[in-house]
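If you want the building blocks of each chain, they are given just below.
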Amino acid sequence: MTGPCSVSATAFVADASHELRSPLAAIRTTLEVGLAHPDRAPWPVIAERAAQQSIRLEDLIQQLLLLAKADEQQLSAQRQRVDVGVLLRDVATSTQAHHVDLDIDLDAAPGATTVGNPDHLQRLFRNIIDNAVRYAHGRVLITATTSADGVRVEVDDDGPGIPATDRERVFDRFVRLDSSRERGSGTTGLGLAIAREIALAHRGRITIADSPTGGARMIVTLPLATTAATAGAPPKRPTDV
């Protein structure tokens with residue numbers, strides 16, 4: 001069978017294989033250097049480097065598994081009420097602990113509750129916030145509000161921003177922008193793709209705008225718990241046009 005879908009799947013497998021090979025090659029090279037000079041090798045340093053690459057490899061595999069679930073429309077399984085404010089607070093607190101030199105401010109309105117898979121929704125916001133933290137100069141601002149249209153979460157950073165011409169492309173799998181916002185970041189190019197898949201699976205969406213802080217503003221909208229389905233089969237993923 002041939003066609004756009006098979007070509008896309010082939011390209012995805014090729015890209016995934018390339019990403020998996022990188023940390024594996026780093027682990028192998030590090031160990032081979034040590035084995036070549038076992039008496040003089042700095043084994044604690046070698047072990048630390050191998051462990052770091054193992055963590056990177058584990059995270060990449062987890063991201064690929066999430067994308068596989070997205071393709072099988074399973075990202076909104078195990079649905080329950082989720083307090084978005086509490087979820088954002090957990091993500092922001094754990095992120096701040098690793099970036100003490102960066103201000104991460106959160107302003108979440110009460111009642112910002114949706115329905116969905118809490119683990120996957122946490123991954124959505126962690127990917128969005130991690131992306132903002134990666135490029136922020138000194139501050140990330142997270143706000144959550146509610147309206148008749150649903151829950152709206154805005155994540156602003158004061159980094160270099162994202163050009164308007166790239167604001168759709170950044171959600172493609174394995175995409176890294178050829179700009180100061182992506183060059184040398186060391187990312188897999190899957191974080192925002194996963195975030196969008198999770199949002200779509202929960203009848204939501206993600207858009208990008210200019211931030212008043214000078215960087216990028218990621219906007220996530222999700223249905224309110226009062227209007228979202230709380231039982232039955234997971235919602236169908238919107239058809240991409």
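Here is what the cut-offs are and how they apply
Residues numbered from 1 in each chain as written. Predicted model: local features only at pLDDT ≥ 70, side-chain atom pairs only at ≥ 80, totals over all residues. Heavy atoms only, no water. Axes fitted to C-alpha atoms, helices over the stretch in contact; angles between N-to-C directions. Helix = DSSP H or I, 4+ residues; strand = E, 2+ residues; numbered from the N terminus. Parallel < 35°, antiparallel > 145°, perpendicular 65-115°, else oblique. Left-handed = near helix turned anticlockwise from the far one by under 90°. Contact = heavy atoms within 4.5 Å. Nonpolar A, V, L, I, M, F, W, Y, C, P; charged D, E, K, R; others polar. Pairing = 2+ DSSP bridges. Polar contact = N/O pair within 3.5 Å; in protein donor to acceptor, adjacent residues only side chain to side chain.

Trainee: Help me out: how do you make sense of the packing of helix 3 (residues 84-98) against helix 4 (residues 118-135) in this one?
Mentor: Each pair of packed helices can be summarised by the angle the axes make with each other and by the distance between the axes. At a minimum axis distance of 10 Å, the contact between helix 3 and helix 4 shows a crossing angle of 45°. As the angle between them shows, helix 3 and helix 4 are arranged oblique. Remark: the crossing between helix 3 and helix 4 carries right-handed chirality. Between helix 3 and helix 4, the residues in contact are Val84, Leu87, Leu88, Asp90, Val91, Ser94 and Thr95 and Pro118, Leu121, Gln122, Phe125, Arg126, Ile129, Asp130 and Val133, respectively. In terms of residue class, the contact of helix 3 with helix 4 is made up of nine nonpolar, three polar and three charged.

Trainee: Honestly, the sheet that holds strand 5 (residues 150-157) in this entry has me stumped. Any pointers?
Mentor: Hydrogen bonds along the backbone pair up the strands of a sheet, which may run parallel or antiparallel. Pairing within the open sheet is mixed, and its five strands lie in the order 2-4-5-7-6. The open sheet is flanked by strand 2 (103-108) and strand 6 (205-210), the only strands paired with a single partner. The average angle at which neighbouring strand axes cross in this sheet is 15°, direction not considered. Pairing geometry for strand 4 (residues 139-147) and strand 5, over eight bridges, is antiparallel. Note that in strand 5 the partner of Leu141 across the bridge is Asp156. Sitting on the sheet, helix 3 touches strand 2, strand 4 and strand 5, and the angle it makes with strand 2 is about 170°. With respect to the sheet, helix 4 is in contact with strand 2, strand 4, strand 5, strand 6 and strand 7 (216-222), its orientation differing from that of strand 7 by roughly 170°.

Trainee: Would you mind showing me how to read the side chain of Ser211 here?
Mentor: Along the polypeptide, Ser211 turns up in the loop between strand 6 and strand 7. In this structure the side chain of Ser211 is engaged in a polar contact, spanning 2.7 Å, whose partner is the side chain of Asp156. The residues touching Ser211, leaving out its near neighbours within four places in the chain, are Asp156, Asp157, Ala216 and Arg217.

Don't take any of this as a statement about function, it's just geometry.
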